[in-house]
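Observations on chain architecture
Here are the chains, one letter per residue:
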Amino acid sequence: MTSGNATGSTSGFRHLETRLTVNLDRASRTANVALILALGASFVLGLYVSFYFHFLTVVLLLTNAVNFYWRHLQVRHTLLANYGFLAQVRYLLESVGPEFRQYLFANDSEERPFSRNERAEVYRKAKGIDSSGAFGTQRDLATGFATLRHSFFPAEASQASSFQVSFGDQRDCPHPYTAGHPVFISAMSYGSLGQKAVRALARGARKAGIPMNTGEGGHPKHHLAEGADLIFQMGTAKFGVRTEDGQLDDERLEALSAHDQVKMVEIKLSQGAKPGKGGLLPKEKISEEIAELRGVPRDRDVVSPAFHPECVDPASTVAFIRRVQEVSGLPVGIKFCLGRDSELRELVQEMRSQDVFPDWITVDGAEGGTGAAPRSFMDGVGLPLFQALPTVQKILTEEGATDRTRILASGKLIDARRQLVAMAMGASATYTARGFMLALGCIQALQCNQNTCPVGITTHDPALQRGLDIEEKSERVARYARALCREQGELLAAMGVRSRPELDLSTVHLPTLNGAGS
Amino acid sequence: MKTLGLWALRILAAAILLPVGYQKLIGDEMSVMLFDTLGMEPHGRIIIGVVEIIAALLLLSPLAATGALLVVAVMLGAIIAHVTVLGVEVGGDGGRLLAMLATVFVSGTTVLVALRHQLPIIGHTLDRTGDERLP
């Protein structure tokens with residue numbers, strides 16, 4: 001009885017299996033034989049019926065030849081060796097998988113880095129479309145999602161003072177700078193972006209009255225052309241201000257700083273997407289002009305060093321900050337992604353002992369964007385922004401440095417909520433790069449490192465840039481910036497916050513134990 | 001050196017194919033006779049003529065691999081024609097046509113094998129180094 005039952009259920013199970021699944025093994029073996037038989041049949045038909053059948057004969061002959069190669073000669077692809085041409089179906093489906101997932105199957109809140117919902121919100125802001133929704137949030141508010149704490153007694157929107165922010169006013173800097181809004185365009189070089197995208201961003205920045213970081217792309221020729229306020233970024237390779245051997249060239253920095261539009265200088269120590277590694281520009285994207293602006297060859301990837309040769313310990317780093325401050329005469333900041341707390345503390349202590357502070361510190365979260373970076377670094381190195389910011393703020397407070405420097409924040413700050421959370425954690429203003437790329441029309445095709453950007457932003461291919469209209473897209477950039485500021489104002493009013501000092505950690509809800517959230 | 005040799009073969013094959021394809025299109029006496037024998041007059045003659053010209057032009061373009069595939073396909077058809085219907089000597093030409101055919105077939109095959117990794121869709125499975133490019 002028992003054994004009979006067991007046998008019965010086993011065979012029943014097997015029966016079920018063959019009925020419900022395609023037996024790929026048998027199907028492919030049949031297909032491989034059929035391919036040969038079809039060739040024979042076609043040849044016979046060509047002989048006796050019509051020579052036209054030999055069109056088919058030729059195709060089948062070639063297919064059989066390739067199939068033979070796949071099954072018996074090559075050793076790289078196991079599937080092709082085992083199953084022959086039917087296995088190609090898998091490669092075909094896999095190659096169209098990303099598009100299918102993005103267009104048809106991924107739900108609105110699951111794509112990374114930015115979900116469709118998040119991108120759509122930027123598009124609406126950029127196009128000036130009403131962004132109200134219906135039926136309630138699609139976020140899962142219970143898990144790890146930072147929210148703002150409103151007040152029983154909201155402020156009038158008009159009461160909120162503007163969150164303008166000054167740099168260089170905390171020391172006797174000869175040319176301090178004041179930004180009207182706490183929304184800046186983050187570092188994107190000419191090189192990572194194409195010329196038209198840079199022009200559209202710079203024109204939009206001028207229209208909205210916000211500053212724009214040049215990225216480490218050498219002399220910011222195209223950034224300068226549109227009249228926007230610029231923050232010149234000095235990367236570890238010092239493109240634009242370097243000597244032959246990669247050291248800082250004081251004269252070139254002085255000449256660049258003399259430009260009216262260059263308002264500040266940012267020394268990039270590290271970047272959230274690849275902390276501990278220098279900038280990377282794939283050779284596909286190095287045009288003649290870019291090679292010239294940076295002073296690099298065209299035939300290989302441009303890899304910036306991992307650190308500034310002048311900055312090897314806290315003392316030399318602080319001395320270098322002082323040197324850049326003195327040579328440029330401008331406010332000078334540093335940008336890094338936080339690694340070890342103790343190292344930052346030592347650096348700040350060194351600043352205090354030399355009495356030299358950078359005019360701001362940009363904290364870049366590990367979730368920050370990049371044109372090209374090793375995946376292991378994007379995924380595995382550095383602290384996320386909302387973990388890093390409170391630490392930086394705490395160290396600055398404990399070391400008595402809060403009245404000597406300011407904090408800027410960057411790392412997926414594409415909406416007003418995340419920006420205000422960052423500001424509650426101590427940031428005076430926020431940077432975003434990808435937010436403005438989305439405003440330019442980025443569709444998150446994830447090809448920034450291949451020079452094939454389908455919307456002409458991260459490519460130098462004139463055919464792909466053709467559709468990017470600088471004037472139209474600069475309007476979107478400006479509208480997005482204004483919408484962010486307006487939305488910040490509305491949220492601040494709901495929070496009952498009227499001035500900068502009122503915005504602190506007590507005004508945000510951070511759901512996880514270690515004070516983080518997304 | 002290798003590129004230079006391939007270019008020589010590409011130009012050689014195209015130089016033979018272009019006039020041959022053109023003769024088929026304008027209805028040259030010899031072509032009409034051949035395709036009459038095969039029972040493909042006039043549609044087969046025009047189709048093959050067009051394919052030959054396209055293949056020759058592709059062979060001289062960056063899509064040479066695809067062009068070579070077309071060349072090989074057309075020449076395979078021609079070989080079948082000679083073997084099954086036409087024979088070695090056609091219209092008393094002393095095998096000149098067959099010699100031309102062989103020349104084009106061999107150059108086309110050489111180019112196809114050399115550039116196989118550039119073929120669309122299946123190219124990456126035919127080459128040792130052309131698969132996953134490191135970032």
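This is a predicted model, so every value here is computed, not measured.

What follows is about the environment of Val85(B). Relative to the assigned elements, Val85(B) resides in helix α4 (residues 64-86). Look past the residues within four positions of Val85(B) in its chain and what remains in contact with it is Phe51(A), Thr37(B), Leu38(B) and Ile80(B).

The subject of this paragraph is the pattern of salt bridges. Residue and element names in this part refer to chain A. A complete count under the given rule lists 32 salt bridges over all chains for this structure. Residue Glu288 is joined to Arg298 by a salt bridge in which the shortest nitrogen-to-oxygen separation is 3.6 Å. Note that Glu288 is positioned in helix α10 (residues 288-294) and Arg298 in the loop between α10 and β9 (302-303), a separation of 10 residues in sequence. Overall, the relative accessible area of 60% leaves Glu288 in the exposed class. If you follow the salt bridges from partner to partner, you end up with Arg199, Arg203, Lys207, Glu226, Glu471 and Glu475 in one network.

Now for the packing of aromatic side chains. Geometrically, a pair of aromatic rings is defined through the distance of the ring centres and the angle of the planes. Residue and element names in this part refer to chain A. Per the counting criterion, the structure on display carries seven aromatic pairs over all chains. With a centroid separation of 6.5 Å and 20° between ring planes, the pair formed by Phe100 and Phe105 is classed as stacked. The class of Phe105 is exposed, set by a relative accessible area of 60%. Measuring from ring centre to ring centre gives 6.0 Å for Phe152 and Phe153, while their planes differ by 70°; the resulting arrangement is edge-to-face. The two residues Phe152 and Phe153 agree in class, both being exposed. Ring pairs connect the aromatic residues Phe167, Phe184, Trp360 and Tyr431, which therefore count as one cluster.

This brings us to the pairing of strand β10 (residues 332-336) of chain A. Residues and elements named next belong to chain A. Extensive coverage of β10 is indicated by the burial of five of its five residues. With burial as the criterion, each face of β10 is covered, one bearing Val332, Ile334 and Phe336 and the other bearing Gly333 and Lys335. Of the pairings in the sheet, the one linking strand β7 (residues 262-268) to β10 comprises four bridges and is parallel in character. In the sheet register, Lys268 faces β10, and the bridge partner there is Lys335. When β10 meets strand β11 (residues 360-364), the two strands line up parallel, connected through four bridges. Bridge assignment links Ile334 to a residue of β11, and that residue is Ile361. With respect to chirality, the unit in which β10 leads through helix α12 (residues 341-354) into the neighbouring parallel β11 is right-handed.

To continue, consider helix α2 (residues 24-48) of chain A. Residues and elements named next belong to chain A. Taking 1.5 Å of rise per residue, the 25 residues of α2 would be expected to cover 36 Å, and the 35 Å separating its terminal C-alpha atoms lies within 8% of that figure. Among the residues of α2, those classed as buried are Ser28, Ala31, Asn32, Leu35, Leu39, Ser42 and Gly46. Taken together, the buried residues of α2 touch α3 (53-73) and α4 (78-83).

At the junction of the two partners, chain B supplies 26 residues and chain A supplies 21 residues. Here chain B and chain A share zero salt bridges between them. In this structure, the connection of chain B to chain A is made through three residue pairs in polar contact (both at pLDDT 80 or more). Here the element with the most residues in the side of chain B that touches chain A is α4(B); it accounts for nine residues. The residue makeup of the side of chain B that touches chain A, split by class, is 14 nonpolar, eight polar and four charged.

Once that is clear, we can look at the domain arrangement of chain A. Its domain assignment divides chain A into domain 1 (2-105) and domain 2 (163-493). One C-alpha centre belongs to domain 1 of chain A, the other to domain 2 of chain A, and the line joining them spans 53 Å.

Attention now moves to the nonpolar core. Formed by 100 residues in total, the largest nonpolar core has its most connected members in Ile185(A), Leu201(A), Met234(A), Val324(A), Phe436(A), Ile457(A) and Leu503(A). Setting aside its immediate chain neighbours within four residues, Ile457(A) contacts Leu193(A), Gly194(A), Ala197(A), Met437(A), Leu440(A), Gly441(A), Cys442(A) and Leu468(A). One finds Ile16(B), Leu34(B), Ile80(B) and Ala81(B) within the second-largest nonpolar core, a separate group that totals 42 residues.

Glancing now at a nonpolar patch on the surface. Residue and element names in this part refer to chain A. Where nonpolar side chains cluster on the molecular surface, the patch consists of Val44, Leu45, Leu47, Tyr48, Val49, Phe53 and Leu56 and spans about 660 Å² of accessible area. Listed by contribution, the elements that provide at least two residues to the nonpolar patch are α2 and α3. For the nonpolar patch, the leading source of residues is α2, giving four residues.

Time to look at the pairing of strand β13 (residues 429-432) of chain A. Residue and element names in this part refer to chain A. Residues Ala429 and Tyr431 point to one face of β13 and Thr430 and Thr432 to the other, with burial holding for every one of them. Alignment of strand β4 (residues 183-185) against β13, held across three bridges, turns out to be parallel. Paired with Phe184 across the strands is Tyr431, a residue of β13. The pairing of strand β12 (residues 406-410) with β13 spans three bridges and is parallel. Its bridge partner being in β13, Ala409 is matched across the sheet by Thr430. In this fold, the crossover linking β12 to β13 by way of helix α15 (residues 416-424) has right-handed handedness.

Residues and elements named next belong to chain A. Running from amino to carboxyl end, α2 crosses α3 at an angle of 155°, the nearest separation of the two axes being 9 Å. Classified by the angle between their axes, α2 and α3 sit roughly antiparallel to one another. You can see that α2 and α3 cross each other, and the crossing is left-handed. On the side of α2, the interface is formed by Asn32, Leu35, Ile36, Ala38, Leu39, Ser42, Phe43, Leu45, Gly46 and Leu47, while α3 contributes Phe53, His54, Leu56, Thr57, Leu60, Leu61, Thr63, Asn64, Asn67 and Arg71.

About the cut-offs
Residues numbered from 1 in each chain as written. Chains lettered and ligands numbered in written order. Predicted model: local features only at pLDDT ≥ 70, side-chain atom pairs only at ≥ 80, totals over all residues. Heavy atoms only, no water. Helix = DSSP H or I, 4+ residues; strand = E, 2+ residues; numbered from the N terminus. Contact = heavy atoms within 4.5 Å. Salt bridge = Lys/Arg side-chain N within 4 Å of Asp/Glu carboxyl O. Buried < 20%, exposed > 50% of the residue type's maximum accessible area, 1.4 Å probe, protein only. Phe/Tyr/Trp six-rings, centres within 6.5 Å; stacked < 30°, edge-to-face > 60°. Pairing = 2+ DSSP bridges. Right-handed = clockwise from strand over helix to strand, strands pointing away. Expected span 1.5 Å × (residues − 1). Polar contact = N/O pair within 3.5 Å; in protein donor to acceptor, adjacent residues only side chain to side chain. Nonpolar A, V, L, I, M, F, W, Y, C, P; charged D, E, K, R; others polar. Domains from an automatic or database assignment. Core = buried A, V, L, I, M, F, W, Y, C linked by side-chain atoms within 4.5 Å. Patch = residues over 30% accessible without salt bridge, like charges linked within 9 Å, V, L, I, M, F, W, Y side chains within 5 Å. Areas by Shrake-Rupley, 256 points an atom, 1.4 Å probe, with all protein chains shown as cover. Axes fitted to C-alpha atoms, helices over the stretch in contact; angles between N-to-C directions. Parallel < 35°, antiparallel > 145°, perpendicular 65-115°, else oblique. Left-handed = near helix turned anticlockwise from the far one by under 90°.

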